[in-house]
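Next come the chains, spelled out residue by residue.
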Amino acid sequence: MLLIRYCTYTQTVMISRLLPNRFDVAIIGAGPSGSLAAMNLAGKGIKTLILEKETLPRYKACGGGLVYRTRNWLKESAGLEIPDSIIESESFQAGFRIHANNLMFEVKRNVPIITMVMREQFDYWLTMQAVNQGAELVDNTKVLSIKKDIDFLITTTGGVFCAPVVVLASGALGKILFESDADKQLITGFHNYREMMPALEAEIPMSDNELFPFARFDLDMNKGGYGWVFPKKTSYSVGLVVNKKSRTNLNRLLGDYLRLLKLDQVKPTIVKGHTIPYQAWANSISVQGILKTGDAMGLADPVVGEGLSNALQSGWMAAEAIIESGLDPRLSEKVYLNKLGLKILPQLKIATRLAGILYNQPKLSKMIFRTKGQEIAENFTEVFLGNRDYPTEKEVFSVLRKLLF
Ligand SMILES: Cc1cc2nc3c(=O)[nH]c(=O)nc-3n(C[C@H](O)[C@H](O)[C@H](O)COP(=O)(O)OP(=O)(O)OC[C@H]3O[C@@H](n4cnc5c(N)ncnc54)[C@H](O)[C@@H]3O)c2cc1C
């Protein structure tokens, strides 16, 4: 270890290749974010380790809805075309409903607005892309703690690994103890419980595939949150997410939602809760020199809880930052922040404002949907497609002013 302190980067890389448990970069978590980071790094010849606590492939509570913008980005930027065997269905149409006002808005496009996948298959396919590029996968191995020495020493249920650069891609709930000489702290994907949106998802076997042929969003199924139905090959993924302020019994709400959809007679194969963290990015993009990506950084969009796009892109960007900064953790933080600041963070800021109106001001949002519902649905769709960004704050306030005064 001491030797490494005095080595040049090239020498360090050469030494690290000789030590079996020492890697150039260690990535915690084999979700979409960690896998894309690993694929990018390993593809550039960097000795990369992925540590995953579950045995892969693993289930992840998720609608598995990938917006067209990101399917396109995967192809254009990462050179990945999702194989047909992984695509469960494609929604060229989507419906948005507001029950209180009996409003329904439908949109149609000639490209798949949302591509449906099952996360265990999609995530495993992504991880295998990283492995094919040379990344080493160690699954069924939970990271317990990280200690900063000359390298980061990573203690897991399967032994100790070390790397000078670590990426925290451990999702919303991964909690890891960080130890330094000065203190001990838990590092997580969120800073407090107000930054999490609880969500519940059920997989309902499909008896009639015509019942919900395309993605459907029910925007006022509960106080401050929404419900969705995503058709897959043989099941519907039905879920609910609630905004941080509501204290609701999600199981009861899901029962009500399934009754409304007339799906309550079918026994779900899986019902699983999880959480969607958001806004943690406002606090930090790294902790103790460890870069955070995806849900571990709270990068999900608070309007729709759509987290796959930013998980994939932040993983890719973190890898780019590490490569561009020559594996220097401090410099890579700056480069990473610059990359996130170009689009992802400004879009999340405005999305947070929009979510505030949509979920915390029901009267106002209903009024907006009554007068401009179809236009909003079309604009959201254009955001999903990548043809436009969210409106600027100025544009939002100009619409509000016209409606209110
Ligand atoms: C109910 C629900 C529905 C959703 N639906 C959608 C949707 O339709 N579309 C969409 O875009 N987004 C959706 N999201 C959000 C999306 O699932 C997340 O944003 C996305 O999974 C984030 O990816 P990630 O790689 O950052 O984290 P994850 O996918 O959570 O991956 C993190 C990985 O780290 C591993 N890990 C955790 N701790 C440790 C540890 N200590 N040691 C080793 N490994 C560890 C975990 O096992 C996991 O495999 C939904 C979320 C929920 C909860």
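Residues numbered from 1 in each chain as written. Predicted model: local features only at pLDDT ≥ 70, side-chain atom pairs only at ≥ 80, totals over all residues.

Quick look at the site of the ligand
Taken together, 39 residues sit near the ligand, with G29, G31, G171, G294 and G307 positioned nearest. Within the residue set of the shell around the ligand, elements represented by two or more residues are α3 (32-43), β15 (196-205), β19 (270-277) and α7 (308-324). For the shell around the ligand, the element with the highest residue contribution is α3, accounting for three residues. The residue makeup of the shell around the ligand, split by class, is 15 nonpolar, 15 polar and nine charged. (Near = placed C-beta within 6 Å. Helix = DSSP H or I, 4+ residues; strand = E, 2+ residues; numbered from the N terminus. Nonpolar A, V, L, I, M, F, W, Y, C, P; charged D, E, K, R; others polar.)

Observations concerning the domain arrangement of the protein
Split into domains, the protein comes out as domain 1 (2-59 + 121-191 + 279-346), domain 2 (85-116 + 193-276) and domain 3 (361-404). Listed by partner, the interface residues are 13 residues for domain 2 and 11 residues for domain 3. Listing elements by their share of the side of domain 2 that touches domain 3, those giving two or more residues are β5 (93-98) and β6 (103-108). Partitioned by chemical class, the residues of the side of domain 2 that touches domain 3 number 10 nonpolar, one polar and two charged. (Domains from an automatic or database assignment. Contact = placed C-beta atoms within 7 Å.)

Remarks on the sheet that holds strand β1 (residues 25-28)
For sheets, the rule is that strands pair by backbone hydrogen bonds, running either parallel or antiparallel. A sheet is described by the order of its strands in space; here six strands give the open sequence β8-β2-β1-β12-β21-β20, paired in mixed fashion. Both outer strands of the open sheet, β8 (136-138) and β20 (286-287), are each paired with one neighbouring strand and no more. Strand direction decides the pairing type here: β1 and strand β2 (residues 48-51), joined by four bridges, are parallel. Bridge pairing in β2 links A26 to L49. (Pairing = 2+ DSSP bridges.)

Description of the pairing of strand β7 (residues 114-117)
A two-sided burial pattern is seen for β7, the buried positions comprising I114 and M116 on one face and T115 and V117 on the other. Two elements, strand β3 (residues 65-67) and β7, share three bridges in a ladder whose sense is antiparallel. Looking across to β7, one finds that V67 is bridged to I114. Note that strand β4 (residues 87-91) and β7 share four bridges and pair antiparallel. Across the sheet, residue S91 finds its bridge partner in β7, namely I114. (Buried ≥ 20, exposed ≤ 12 C-beta atoms within 10 Å, placed from the backbone.)

Quick notes on the nonpolar core
Core analysis: the biggest nonpolar cluster contains 110 residues, and V25, A26, I27, A37, A163, V166 and V167 have the highest contact counts within it. Looking at which element gives the most residues to this core, the answer is α7, with nine residues. Leaving out residues up to four positions away in the same chain, A37 has contacts with I27, V167, A169, T293, G315, W316, A318 and A319. (Core = buried A, V, L, I, M, F, W, Y, C linked by C-beta atoms within 7 Å.)

So, unusual backbone geometry
With an omega of -5 degrees, the peptide bond running from L56 to P57 counts as cis. We note that N140 has phi near 55 degrees; this positive angle belongs to a residue other than glycine. Residue position: N140 is located in the loop between β8 and β9 (143-148). The class of N140 is exposed, set by 12 C-beta atoms lying within 10 Å. A positive phi angle, close to 60 degrees, is found at K262, a residue other than glycine. Tracing the sequence through the fold places K262 in the loop between α6 (250-260) and β19. Under the C-beta neighbour-count criterion, K262 is labelled exposed, with 10 such atoms within 10 Å.

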